[in-house]
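# Summary of the model geometry
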Amino acid sequence: MNVLVLGSGGREHAIAWKIRQSPLCTNLFVMPGNPGCGQISTLISGSPKDFSAVKEAVVNNHIEIVVVGPEEPLVLGLRDYFEADEELKRVLFVGPGKEGARLEGSKEFAKEFMQKYSIPTAAFKSFSSETIAEADRFLESLKAPYVLKADGLAAGKGVVIPNEIEKAKEELRSMLSGKFGSASSRVVIEQFLKGIEVSVFVLTDGKDYLVLPEAKDYKRIGDGDTGLNTGGMGAVSPVPFVTEEFMGKVRSRIIEPTLKGLQNEGIDYKGFIFLGLMNCGGDPYVIEYNVRMGDPETEAVMTRIDSDFLSHLVACAKGELKNETIEISEENALTVVCVSGGYPESYRKGMKISGDILIRENTFSGKVMIFHSGTSINGEGELVTSGGRVFAVTANGSYLSESDIQKIEDGRQAAYDKVEKISFEGKNFRKDIGLDIIRYIKES
Ligand code: AMP
Ligand code: GLY
């Protein structure tokens, strides 16, 4: 099959890498991709948000299946565009339409959906600038800390959690008056949930579903979960508290009611659902829905899928997931993200990257993998930084040790060894990926 993956990050590199291993894959294209993707696929320039450019890429390259990485093209209606086009409507497509993408595109829609279908989530109310007084009263009825969320897409930055009520009221006003542009013209205020977070990934055709390996990501910039929020500084998979019992609750209380709810709303959902969950004393609550895979979780998750991922994607797009089973490796995966100095605030680009970062697929041993995100090739043909998150290193493999702790320690050793061998000016990364999991295993 001719496959097109849309997007340019480490997530898309990991998805492309996994698809490349499928015997069903004849030609693989990524638009726009990055130099890492370029080693395993043909890159097509252009933005996935430019629908006519996507169409041109699909038609010119006889693409048979499109897999969408980021949420934005979906929220903008790329699937709907394909369905309405005579030439495109026969092309298989993984990703929900505009209506389904509202699960991520509007926090208010998502919260109301969960409420309607009794899916466990934090108590909430949403407000606009006309209802500030009501919002203040709602804040006063809650206990600190206070969770305020911009309704719309805000590049992962639209959530603020102040500790004091006065700060919360100030924040509310700043959001409503455009702190996150039109995304925060409505604000969702919700109860603070205390617990450990985990990301669960579902691939669904709207009726049946596969659960991909779960992962934990590390959102803050600093060790010990300190400092500013980022897109994600690392990931581990599996997550020890995600037991069969916990997953049973996730299926019966969250995944299945979500699919029934979508059907009930007349939404034909074919694609990924990423559940951001909070484990509150053994019970899962939904923090957020995303309509895509997570980054950097995908860079860990893909390395643990043993079955044919492209076959799952084709079945998803055709509505035939009922016949698929996913095989998940027992191995551990641990991902460390290297970022530009200054990120998530301002940072410099164009720093030369040295070290063995361009690993060709046929030389990959299966132990350590490098997924590119913010890299590019400059005018002199050198590999340079071009973004905040520059690359992710994932280590896994069949460690000889039987002990879970030793497996994580081995993963840390292998990942950090590789991280040390690649350098660029200002390189920054967290040193504590996986340590909390080791602590958790020791304590439980
Ligand atoms: P979101 O963009 O909705 O995932 O929120 C970003 C982050 O804020 C989450 O990953 C959580 O760490 C935190 N968060 C969001 N909602 C809550 C909540 N109700 N209680 C506690 N933490 C939350
Ligand atoms: N790592 C979290 C996300 O992709 O939203």
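The sections below set out a description of the structure shown in this document. (Residues numbered from 1 in each chain as written. Chains lettered and ligands numbered in written order. Predicted model: local features only at pLDDT ≥ 70, side-chain atom pairs only at ≥ 80, totals over all residues. Heavy atoms only, no water.)

## Description of the overall build of the protein
The test is simple: The helix count covers DSSP runs of H or I at least four residues long, the strand count covers runs of E at least two residues long, and both are numbered beginning at the N terminus. The globule rule used for comparison is 2.2 Å times the number of residues to the exponent 0.38, while the radius of gyration itself is calculated over C-alpha atoms. When a residue's accessible area, from a 1.4 Å probe over protein chains only, is under 20% of the maximum for its type it is buried; when over 50% it is exposed; and in between it is partly exposed. Every residue pair with non-hydrogen atoms within 4.5 Å of one another is taken to be in contact.
In terms of helices and strands, the protein carries 14 helices and 22 strands. Taken over the C-alpha trace, the protein has a radius of gyration of 21 Å; the compact-globule value for 444 residues is 22 Å, and the two agree within 12%. Buried positions account for 59% of the 444 residues belonging to the protein. Nonlocal contacts in the protein, meaning residues at least 24 apart in sequence, comprise 69% of its contacts between residues at least 6 apart.

## What to know about empty space enclosed by the protein
Put simply, the test is: Here a cavity denotes grid points, spaced 1 Å and computed from the protein atoms alone, that fit a 1.4 Å probe unable to get out, and a pocket denotes an open set having protein on both sides within 12 Å along at least 5 of 7 lines; residues with an atom within 4 Å of a point are the lining. Grid points are joined across faces, edges and corners, and a volume is the space filled by probe spheres set on the points.
Applying the stated criterion to the full structure yields two cavities of 30 Å³ or more. Of the volumes computed, that of the second largest cavity is approximately 30 Å³. Every residue lining the second largest cavity is listed: Val202, Ile255, Thr258, Leu259, Ile273 and Leu275. Residue assignment for the lining of the second largest cavity shows that the elements contributing at least two residues are α10 (244-264) and β16 (271-280). Examining the composition of the lining of the second largest cavity, we find that three residues originate from one element, α10, more than from any other.

## A few points about the nonpolar core
The criterion, for reference: Only buried Ala, Val, Leu, Ile, Met, Phe, Trp, Tyr and Cys residues count toward a nonpolar core, and they belong to the same one when joined by side-chain atoms within 4.5 Å.
Membership of the largest hydrophobic core comes to 50 residues, with the highest contact counts inside it found for Leu4, Val58, Val66, Phe82, Leu275 and Tyr289. Sorting elements by how many residues they give to this core places α10 first, with seven residues. Beyond its immediate sequence surroundings of up to four residues, valine 58 is in contact with Leu4, Ile63, Val66, Phe82, Leu88 and Val91. In this structure, Ala14, Val30, Val301 and Leu321 belong to the second largest nonpolar core, which totals 38 residues.

## Observations regarding the sheet that holds strand β4 (residues 65-68)
Note the cut-off: Any two strands between which DSSP finds at least two bridges are classified as paired. Axis definition: a line fitted to C-alpha atoms, limited for helices to the stretch in contact. Angles are taken between N-to-C directions and run from 0 to 180 degrees.
The parallel open sheet is built from five strands, whose spatial order is β3-β2-β1-β4-β5. Every other strand in the sheet has two partners, leaving β3 (42-43) and β5 (92-94) as the edge strands with one partner each. One ladder, built from six bridges, connects strand β1 (residues 2-7) with strand β2 (residues 27-32); its direction is parallel. Bridged to leucine 6 within β2 is methionine 31. Relative to the sheet, helix α1 (residues 10-20) contacts β1, β2 and β4, its axis offset from that of β1 by approximately 165 degrees.

## Description of the site of ligand 2
In plain terms, the rule: Any residue with at least one heavy atom within 4 Å of a molecule or strand is counted as near it. The term polar contact refers here to a pair of N or O atoms within 3.5 Å; inside protein, the definition further demands a hydrogen-donor-capable atom paired with an acceptor-capable atom, and it admits residues adjacent in sequence only when both atoms are side-chain atoms. The method behind every accessible area is Shrake-Rupley, applied with a 1.4 Å probe, and residues are considered shielded solely by the protein chains displayed. Residues are grouped as follows: Ala, Val, Leu, Ile, Met, Phe, Trp, Tyr, Cys and Pro are nonpolar; Asp, Glu, Lys and Arg are charged; every other residue, Gly included, is polar.
Taken together, the residues surrounding ligand 2 are Asp217, Gly231, Phe274, Arg292, Gly294, Asp295, Pro296 and Glu297. In this structure, a nitrogen atom belonging to ligand 2 sits 3.4 Å away from a main-chain N or O atom of glycine 231. Measuring from an oxygen atom of ligand 2, one finds a side-chain N or O atom of arginine 292 at 3.0 Å. Summarising the interface, the protein chains cover 87% of the accessible area of ligand 2, which totals 200 Å² for the free molecule. In terms of residue class, the shell around ligand 2 is built from two nonpolar, two polar and four charged.

## What about unusual backbone geometry?
In this structure, the amide linkage connecting methionine 31 to the following residue, proline 32, adopts the cis form with an omega of -5 degrees. The linkage connecting alanine 144 with the following residue, proline 145, adopts the cis geometry, with an omega of -10 degrees. Its place among the elements puts proline 145 in the loop between α8 (132-141) and β7 (147-150). Positioned with a positive phi, serine 118 is a non-glycine residue whose angle comes to about 55 degrees. Relative to the elements of secondary structure, serine 118 occurs in the loop between α7 (107-116) and β6 (124-127). Of note, the phi angle at aspartate 225 is positive, near 55 degrees, even though the residue is not glycine.

## A look at the site of ligand 1
Looking at ligand 1, there are 15 residues lining it, with Glu190, Gln191, Leu193, Glu197 and Glu288 nearest. One of the backbone nitrogen or oxygen atoms of glutamine 191 is found 2.9 Å away from a nitrogen atom of ligand 1. In this structure, an oxygen atom belonging to ligand 1 sits 2.4 Å away from a side-chain N or O atom of glutamate 197. For ligand 1, whose unbound accessible area comes to 470 Å², protein coverage reaches 89%. Looking at the shell around ligand 1, the elements that each hand over two or more residues are β7 and β17 (283-290). Looking at side-chain class alone, the shell around ligand 1 contains eight nonpolar, one polar and six charged residues.

## What to know about the pattern of salt bridges
Condition: Salt bridges, as used here, are contacts in which a Lys or Arg side-chain nitrogen is within 4 Å of a carboxyl oxygen on Asp or Glu.
Summed over all chains, the structure comprises 29 salt bridges. One salt bridge connects lysine 55 with glutamate 87, and the closest N-O pair in it is separated by 3.4 Å. On the criterion of sequence distance, the pair formed by lysine 55 in helix α3 (residues 51-60) and glutamate 87 in the loop between α5 (78-83) and β5 is long-range, its members being 32 residues apart. On the basis of relative accessible area, glutamate 87 is assigned to the partly exposed category, the value being 47%. Two residues, glutamate 288 and lysine 107, come together in a salt bridge whose shortest N-O distance is 3.6 Å. With glutamate 288 in strand β17 and lysine 107 in helix α7, this pair connects stretches of sequence that are 181 residues apart. It is possible to trace a salt-bridge network through shared partners that takes in Lys55, Asp85 and Glu87.

## Looking at the packing of aromatic side chains
What describes a pair of aromatic rings is the distance from one ring centre to the other and the angle between the planes of the rings. Just so we agree on the cut-off: Each pair of aromatic rings taken from Phe, Tyr and Trp, with Trp reduced to its six-membered ring, is defined by centres within 6.5 Å and is described as stacked if the planes are under 30 degrees apart, edge-to-face if over 60, and tilted in the remaining cases. Any Lys NZ or Arg CZ found within 6 Å of a ring centre and within 35 degrees of that ring's normal is scored as a charge over the ring.
Under the counting rule described, the total for this entry stands at 15 aromatic pairs. Ring geometry for tryptophan 17 versus phenylalanine 371: centroids 5.6 Å apart, planes at 70 degrees, classification edge-to-face. A residue pair is termed long-range when its members are at least 10 positions apart, and tryptophan 17 in helix α1 and phenylalanine 371 in strand β19 (residues 368-372) qualify at 354 residues. Tryptophan 17 gets classed as buried once you look at its relative accessible area, which sits at 5%. Judged by relative accessible area, phenylalanine 371 falls into the buried class, the value being 0%. Here a set of aromatic residues connected by ring pairs shows up, and it is made of Phe51, Tyr81, Phe82 and Phe93. The residue whose ring lies beneath lysine 216 is tyrosine 218, and the NZ or CZ to ring-centre distance is 4.0 Å. Over the ring of phenylalanine 429 we find lysine 431, and its NZ or CZ is 4.4 Å from the ring centre.

Taken by themselves, the reported measurements are silent on function.
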